[in-house]
Amino acid sequence: MVVVGVVVAAIVSFVISAVLYATPPVAELVSRTSTPRPGFGLPVQMAFVLLRGLLAAAVLAILLVAGDWHGVGAGAALGAVVAILPVTILAGAIVHENVPVPTALVHMTDWVLKLVISGVVLGLFI
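Scope of this entry: the structure provided in the associated data block. (Residues numbered from 1 in each chain as written. Predicted model: local features only at pLDDT ≥ 70, side-chain atom pairs only at ≥ 80, totals over all residues. Heavy atoms only, no water.)

## Regarding the overall build of the protein chain
- A count of helices and strands for the protein chain gives six helices and zero strands.
- Walking the protein chain from its N terminus toward its C terminus, one meets helices and strands in the order α-α-α-α-α-α.
- Computed over C-alpha atoms, the radius of gyration of the protein chain comes to 15 Å, within 12% of the 14 Å expected from 2.2 N^0.38 for 126 residues, which places it in the range of a compact globule.
- By principal-axis analysis of the C-alpha atoms, the protein chain measures approximately 45 × 30 × 25 Å.
- Looking at the protein chain as a whole, 33% of its 126 residues qualify as buried.
- As presented, the protein chain carries roughly 7,300 Å² of accessible surface, and 78% of it is formed by carbon and sulfur atoms.
- Taken together, the 4 basic and 4 acidic charged side chains of the protein chain have centroids lying 9 Å from each other. (Helix = DSSP H or I, 4+ residues; strand = E, 2+ residues; numbered from the N terminus. Rg over C-alpha atoms; globule rule 2.2 N^0.38 Å. Buried < 20%, exposed > 50% of the residue type's maximum accessible area, 1.4 Å probe, protein only. Areas by Shrake-Rupley, 256 points an atom, 1.4 Å probe, with all protein chains shown as cover. Lys, Arg positive; Asp, Glu negative; His and termini not counted. Charge placed at Lys NZ, Arg CZ, Asp CG, Glu CD.)

## A word on the side chain of Ser-118
- Turning to its location among the elements, Ser-118 is positioned in helix α6 (residues 101–125).
- Here Ser-118 falls in the buried class, since its relative accessible area comes to 4%.
- In this structure Ser-118 touches Ala-9, Ser-13, Leu-60 and Leu-113, once residues within four positions along its chain are discounted. (Contact = heavy atoms within 4.5 Å.)

## Observations concerning unusual backbone geometry
- With a phi angle near 55°, Asp-68 is a residue other than glycine that sits in the positive phi range.
- For Asp-68, the position within the fold is in the loop between α3 (42–66) and α4 (72–82).
- Since its relative accessible area comes to 54%, Asp-68 is described here as exposed.
- Of note, the phi angle at Asn-98 is positive, near 60°, even though the residue is not glycine.
- Relative to the helices and strands, Asn-98 is located in the loop between α5 (84–97) and α6.

## Things to note about the packing of α3 against α4
- Their axes nearest at 10 Å, the elements α3 and α4 cross at an angle of 125°. Judged on the interaxial angle alone, α4 and α3 are oblique. Where α3 crosses over α4, the handedness of that crossing is right-handed. Across the interface between the two elements, Leu-60, Leu-63 and Leu-64 of α3 pack against Ala-74, Gly-75, Leu-78, Gly-79 and Val-82 of α4.
- Class assignment of the residues belonging to the contact of α3 with α4 gives a composition of six nonpolar, two polar and no charged. (Axes fitted to C-alpha atoms, helices over the stretch in contact; angles between N-to-C directions. Parallel < 35°, antiparallel > 145°, perpendicular 65-115°, else oblique. Left-handed = near helix turned anticlockwise from the far one by under 90°. Nonpolar A, V, L, I, M, F, W, Y, C, P; charged D, E, K, R; others polar.)

## Things to note about the nonpolar core
- In this structure, Leu-60, Leu-115 and Leu-122 are the most contacted members of the largest nonpolar core, which totals 15 residues.
- Contributions of two or more residues to this core are made by α1 (2–22), α3, α4 and α6.
- Ranked by the residues each element gives to this core, the list is headed by α3, at five residues.
- Setting aside anything within four residues of it in sequence, one finds Leu-122 in contact with Gly-5, Val-6, Ala-9, Ala-57, Leu-60, Ala-61 and Leu-64.
- Judged by nonpolar contacts, the second largest core, of five residues, contains Val-26, Leu-29, Val-30 and Val-106. (Core = buried A, V, L, I, M, F, W, Y, C linked by side-chain atoms within 4.5 Å.)

This is the structure:
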């Protein structure tokens, strides 16, 4: 059941990103402040988003199982704790790399939502 939970969490994570980044104000902001990497078309980018979701869900699942934690509450709490990592990385990007604050906040929101909700989904399976 854990593997099924990881796959479901990755799909839910993908949908969260798709909805967030397709929202007109967010799409406009990101397109205005980001530079896409040449050579990576949309299918490759989408596959990479799905792969990252799978990896993040797998890490959360491993931590839940290793800690013998079960349920939605434990999953949500673990997702929130793990979300500190991308938030600190993106805060560093603001300070050290001059990433625009609104753009970084979009990416932070994306990762916090994905990790907490992935934890919740995994909690349904673990």
